[in-house]
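Single-letter residue listing:
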There are 2 protein chains.
Amino acid sequence: MPTFEGVAETVAERVTPEADERERLAAAAATLTDRAKAALADHDVDGDVLQVGSTARGTWLAGDRDIDLFVRFPTDYDRADLERIGLAIGHTVLPDGHEEYAEHPYVTGEYEGFDVDLVPCYAVERATDIRSAVDRTPFHTEYLTERLDDTDRTDIRLFKRFLKGIGVYGSDLRTRGFSGYLAELLVLEYGGFEPLLAAAADWHPPLTLDPEDHGVTTFDDPLTVIDPTDPERNVAAVLSAANLARLQHYARDLLADPREGVFDPADRPPLDSDEIAAKLDSRETTAVALVFDTPDIVDDQLYPQLRKSLSGIEAGLESHGFDTVRNATFADDERAVFLFEVTTATTPAVERHAGPPVGVREHAEGFFETYATDEAVYGPFIQGDRYVVERPREITTAEAFLDSDRLFEVGLGARIETALDAGYELRWDEDIASLADRFGVELTEYVDPEP
Amino acid sequence: MPTFEGVAETVAERVTPEADERERLAAAAATLTDRAKAALADHDVDGDVLQVGSTARGTWLAGDRDIDLFVRFPTDYDRADLERIGLAIGHTVLPDGHEEYAEHPYVTGEYEGFDVDLVPCYAVERATDIRSAVDRTPFHTEYLTERLDDTDRTDIRLFKRFLKGIGVYGSDLRTRGFSGYLAELLVLEYGGFEPLLAAAADWHPPLTLDPEDHGVTTFDDPLTVIDPTDPERNVAAVLSAANLARLQHYARDLLADPREGVFDPADRPPLDSDEIAAKLDSRETTAVALVFDTPDIVDDQLYPQLRKSLSGIEAGLESHGFDTVRNATFADDERAVFLFEVTTATTPAVERHAGPPVGVREHAEGFFETYATDEAVYGPFIQGDRYVVERPREITTAEAFLDSDRLFEVGLGARIETALDAGYELRWDEDIASLADRFGVELTEYVDPEP
């Protein structure tokens, strides 16, 4: 059986950039930094240029090709000037680049095979003085650069590759996993990849780490890592409970059974539509997919809205008596899906509605009077200490709920609501499997779920 | 609109025994008392004979024909002698009588049109010294007789008739309502029928009344009335929450809309089987009746066992995924019924089973290991902070549960279990209506329930 050390060594070799890659990256970064400094001077700005991110800290995975340069402006520039001059410098440095918008605009482009971001920000004194989230990034790089040695860098690469392998690397709102900064802080905190895994295997969430012991507030998150550069910020704020649980699960798994496979994203061959149909059929649920056009928004907007809408529709189904066994949402650039399995396609025509205890006079009398003359209800009668009625249900099939305006009474993401309003298709049971051409991976994960 | 006083007066006239009835009852009671005293002397017992119950206290309803005589033995008789001599005296007093058993044996028979019970008991000094429940009865009669005047007696008759009208008179375990003694104590406590109703309309159960202010313990009952003759006893222990709620409901009803009808048991014409079938059908539930032979036990054993079994089967249905809308049980001397309406006749082939949070390592690892190699389950996968699996259900139809040994895995009354084991029939949906010949009243109440 392979040892943990043996596996770690093999993976480390794969993910550590070769000397050639390092040199080319360093050369490219130096050239771009010089260009940016010259452009700053051309614009008479008394600023500086800083390389940030994993390529600045020597913690990138072999083959990653991101160079992040931050152009720092004095704080007496107003925002409009910073953006205008910042973008102008970006276009000077990256003549073929184009503008993107995160919290504020920046220029992104390619240079000698590297993906380059050129981001204007303010040179604030402390991370707590930031004017926008990007101002914080240089502090992160500075903090880590001062503390990392080559062993740390190897262990950080291993941990990042491990997070990628188990599908939880990235603090975007689609993934809700671990950011690179968070990954590096955790390795530093526990003194290496293996001790971090050993600790994570034993974590009892919620838990809080505070490397600089300067936290001033508490967070309602499963994992809190107080930012060493900002006592008011949780670096792990985006991490979902499920992804934290996945880290714990696979930490135990890797320690118990060291192997390289865990470091590689699962690459399961998707089932074909017949196999998916057969699996769904064997569950004897009522399965239904709402299929609609994906709204044209970035993933960081799309996925939160998909999840909110999924929960809203699930709550709507349950409030109408359709209990869900499981559900899922997935999307590509063109089509998006909400998938539900409910325990029954139909409900009774009546639903029980318990009133107040008869002994709570005012409420009880109000309830009784409301229903006593209502011919459509059964009761009021008395069960235990309460009045009870059975009211007619307007909706008695899942289809009647999903294929009606009722769908729009639940909490939906704004752009999802618009998209559904433009039209959607319902596919039932084995017809869902015909989505396999587009969503074979997602449907395979649904009918054969893994941690 | 009739006034409360007017209605009360009319009903009081109906329920107050005429002079002739009083005289005949008094004469009969006197004759029987003399006979019993003579018999005591014949057996050389230094005891006495006491008339108890509502006919002793002058609080019986016109037409009731119960005479209860208690033959009190000195406490130095052992139980066997008391029973032997007590029954012998009973047969002397009531030559055509026969023996019955409550907590201990007594003789019951007819005399000049009256139903007579002749009950041997011990002459204990205080109600707290009793050797069996019947020893307490004379203290109740003594306590009330000392305190009641004619106005009280009229109000007690009104209240008892009211309790009968609304179906909650009787402390037997079928009714779980108000005993005569409890009814009389309540009228005394509130100073009359109308003030009692006004108070009951405002009660916030649970509540405790303690006429002698000597209670020494608390009870977990919706209504507690500490026995004036025994500080450790709740006179209302048998009263169900629903029947207390009914009293409150109809107290408000009668005060708001005084009318004689409330004093008469509802005598609704039962629906015929077609009407019942149509009503059941319109509810679009899955209705099922278990029909079986009524075990040959007294009502005080039968009804608690029926209710326990009903709850047990309901819990069994729900644990297999069949939520009930409503249920009922009823019986006559020959046949007994459990009636359930479930929301669906079938469940999915899988059921969700949530495991421990992944962060609770020992439990989580145990759960994961249990299911990871189980080909029959979906998962384990991670939802939120937990492992989850979907397990196959063995039972996927309500019929498969009800028509199998699974039925006997739930909590059943002992004699009900035996009776079901001897055989039962399942009737579904509209076929249930064919029970209307035997249980028309019960089925009518089911499909058209009232408070």
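Residues numbered from 1 in each chain as written. Chains lettered and ligands numbered in written order. Predicted model: local features only at pLDDT ≥ 70, side-chain atom pairs only at ≥ 80, totals over all residues. Heavy atoms only, no water.

**Overview of the pairing of strand β5 (residues 114-122) of chain B**
Residue and element names in this part refer to chain B.
Alright, step 1. Taken across its 9 residues, β5 has 7 buried, putting it largely inside the fold.
Alright, step 2. Sheet analysis places strand β2 (residues 66-73) next to β5, joined by 8 bridges and oriented parallel. Of the residues in β5, the one forming a bridge with F73 is Y122.
Alright, step 3. Taken together, the 5 bridges between strand β4 (residues 105-111) and β5 define a ladder with antiparallel strand orientation. Within the sheet, the bridge partner assigned to E110 lies in β5 and is D115.
Alright, step 4. In this antiparallel pair of consecutive strands, β4 and β5, the connection spans 2 residues, and E112 shows a positive phi of 50°. (Buried < 20%, exposed > 50% of the residue type's maximum accessible area, 1.4 Å probe, protein only. Helix = DSSP H or I, 4+ residues; strand = E, 2+ residues; numbered from the N terminus. Pairing = 2+ DSSP bridges.)

**Things to note about the confidence of the model for chain A**
Alright, step 1. The predicted model of chain A averages 96 in pLDDT, with 100% of residues at 70 or higher.
Alright, step 2. Model confidence for the complex is summarised by a pTM of 0.88, with the ipTM given as 0.93. (pLDDT = per-residue confidence, 0-100.)

**What to know about the domain arrangement of chain A**
Residues and elements named next belong to chain A.
Alright, step 1. Domain assignment breaks chain A into domain 1 (17-134), domain 2 (150-263), domain 3 (273-346 + 396-447) and domain 4 (350-392).
Alright, step 2. Contact with domain 2, which involves 4 residues of that partner, is made by 5 residues of domain 3.
Alright, step 3. Summed over both partners, the interface of domain 2 with domain 3 comes to about 500 Å²; 43% of that surface belongs to carbon and sulfur atoms.
Alright, step 4. Considering only the side of domain 2, the residues that lose the most area to domain 3 are L173, R174 and R176, jointly responsible for 94% of the buried surface there.
Alright, step 5. Between domain 2 and domain 3 we count 1 salt bridge in total.
Alright, step 6. A salt bridge links R174 to D299; the shortest N-O distance between them is 4.0 Å.
Alright, step 7. For the pair domain 2 and domain 3, the interface holds 3 residue pairs in polar contact (both at pLDDT 80 or more).
Alright, step 8. Taken together, the residues of the side of domain 2 that touches domain 3 break down into 1 nonpolar, no polar and 3 charged. (Domains from an automatic or database assignment. Contact = heavy atoms within 4.5 Å. Buried area = accessible area lost by both parts, 1.4 Å probe. Salt bridge = Lys/Arg side-chain N within 4 Å of Asp/Glu carboxyl O. Polar contact = N/O pair within 3.5 Å; in protein donor to acceptor, adjacent residues only side chain to side chain. Nonpolar A, V, L, I, M, F, W, Y, C, P; charged D, E, K, R; others polar.)

**Describing the side chain of R136 of chain B**
All names here are of chain B.
Alright, step 1. Checked against the element boundaries, R136 lands in the loop between β5 and α5 (137-147).
Alright, step 2. Given the relative accessible area of 13%, R136 is considered buried.
Alright, step 3. Contacts of R136, omitting those with residues within four sequence positions, involve A127, I130, D227, T229, D230 and R233.

**Focus on the interface of chain B and chain A**
Alright, step 1. Tallying the contact residues gives 50 residues for chain B and 50 residues for chain A.
Alright, step 2. For the pairing of chain B and chain A, the buried interface totals around 3900 Å² over both sides, and the portion due to carbon and sulfur atoms is 56%.
Alright, step 3. Counting the contacts that link chain B with chain A gives 6 salt bridges.
Alright, step 4. Taken together, chain B and chain A are joined by 16 residue pairs in polar contact (both at pLDDT 80 or more).
Alright, step 5. Every element with two or more residues in the side of chain B that touches chain A is listed here: α8 (193-202), α9 (241-256), α10 (273-282), β10 (324-331), β12 (350-357), α12 (361-372), β13 (378-383) and β14 (386-392) of chain B.
Alright, step 6. With 7 residues, α9 of chain B is the largest single contributor of residues to the side of chain B that touches chain A.
Alright, step 7. A breakdown of the residues in the side of chain B that touches chain A according to their chemical character gives 22 nonpolar, 14 polar and 14 charged.

**Structural notes on the environment of E369 of chain B**
Alright, step 1. Position of E369 of chain B among the secondary structure elements: in helix α12.
Alright, step 2. Along the backbone, E369 of chain B and P380 of chain B are 11 residues apart, and their C-alpha atoms lie at a distance of 9.2 Å.

**Let's talk about the sheet that holds strand β8 (residues 230-234) of chain A**
Residues and elements named next belong to chain A.
Alright, step 1. What the 3 strands build is an open sheet, ordered β6-β7-β8; its pairing is mixed. The open sheet has two free edges, formed respectively by β6 (207-209) and β8, since each of these has just one partner strand. Averaged over all pairs of adjacent strands, the angle between strand axes in this sheet comes to 25°, irrespective of strand direction. (Axes fitted to C-alpha atoms, helices over the stretch in contact; angles between N-to-C directions.)

**A look at the pattern of salt bridges**
Where charged atoms from two side chains of opposite charge come close, those side chains can pair.
Alright, step 1. The full count for this structure, using the stated rule, is 73 salt bridges over all chains.
Alright, step 2. Among the ionic pairs, D202 of chain B bridges to R361 of chain A, the shortest N-O distance being 3.0 Å. Pair noted here: D202 of chain B is in helix α8 and R361 of chain A is in helix α12 (residues 361-372), and the two residues belong to different chains.
Alright, step 3. Accessibility expressed as a relative area gives 44% for D202 of chain B, which makes it partly exposed.
Alright, step 4. For R335 of chain B, the salt bridge goes to D293 of chain B, with nearest N and O atoms at 2.7 Å. With R335 of chain B in strand β11 (residues 335-342) and D293 of chain B in strand β9 (residues 286-293), this residue pair connects regions lying 42 residues apart in the sequence.
Alright, step 5. The partly exposed category is assigned to R335 of chain B, whose relative accessible area is 22%.

**Some points on the environment of H43 of chain B**
Residues and elements named next belong to chain B.
Alright, step 1. Structurally, H43 is set in the loop between α2 (19-42) and β1 (48-52).
Alright, step 2. Given a relative accessible area of 32%, H43 falls into the partly exposed group.
Alright, step 3. It is 7.4 Å that separates the C-alpha atoms of H43 and I85, two residues lying 42 residues apart in sequence.

**Some thoughts on the relation of the copies chain B and chain A**
Each of the two chain copies can be brought onto the other by rotation about an axis and movement along it.
Alright, step 1. You can overlay chain B on chain A at an RMSD of 0.0 Å; the transform is a turn of 180° with a shift of 0.0 Å along its axis. With respect to symmetry, the two chain copies, as superposed, fit the operation of a two-fold axis. Considering only C-alpha atoms, the part of chain B nearest the rotation axis is T344 of chain B, at 3.5 Å.
Alright, step 2. Counting the interface residues of chain B, we find that 100% of their copies in chain A are interface residues as well, pointing to one common contact surface. (Least-squares fit on C-alpha atoms with pLDDT ≥ 70 in both.)

**Considerations on the sheet that holds strand β3 (residues 98-101) of chain B**
Residues and elements named next belong to chain B.
Alright, step 1. One open sheet accounts for 5 strands, arranged β1-β2-β5-β4-β3; its pairing is mixed. Both edges of this open sheet fall to β1 and β3, since each of them pairs with a single strand only. Taking the axes of each pair of neighbouring strands and ignoring which way they run, one obtains an average angle of 30° across the sheet.
Alright, step 2. As paired strands, β1 and β2 are joined by 5 bridges and run antiparallel to one another. What sits directly across from V49, in β2, is V71.
Alright, step 3. Across the face of the sheet, α2 comes into contact with β1, β2, β4 and β5 while running at roughly 25° to β2.

**Points about the packing of aromatic side chains**
All names here are of chain A.
Alright, step 1. Going through the model one piece at a time under the given rule, you end up with 28 aromatic pairs over all chains.
Alright, step 2. A ring pair is formed by F159 and F193, whose centres lie 6.3 Å apart and whose planes are at 50°; its orientation type is tilted. Residue F159 is found in helix α6 (residues 150-165), and its partner F193 is found in helix α8 (residues 193-202); the two are separated by 34 residues along the sequence.
Alright, step 3. Ring geometry for F367 and Y387: centres 6.3 Å apart, planes at 15°, overall stacked. Taken together, the residues F367 in helix α12 and Y387 in strand β14 (residues 386-392) connect sequence positions 20 residues apart. (Phe/Tyr/Trp six-rings, centres within 6.5 Å; stacked < 30°, edge-to-face > 60°.)

**Observations regarding unusual backbone geometry**
Alright, step 1. The omega torsion across P205 of chain A and P206 of chain A is 0°, close enough to zero to call that bond cis.
Alright, step 2. The omega torsion across G379 of chain A and P380 of chain A is 5°, close enough to zero to call that bond cis.
Alright, step 3. Examined against the element boundaries, P380 of chain A turns out to sit in strand β13 (residues 378-383).
Alright, step 4. In the Ramachandran plot, D213 of chain B falls in the positive-phi region, its phi being about 50° despite a non-glycine side chain.
Alright, step 5. Within the secondary structure, D213 of chain B is located in the loop between β6 (207-209) and β7 (223-227).

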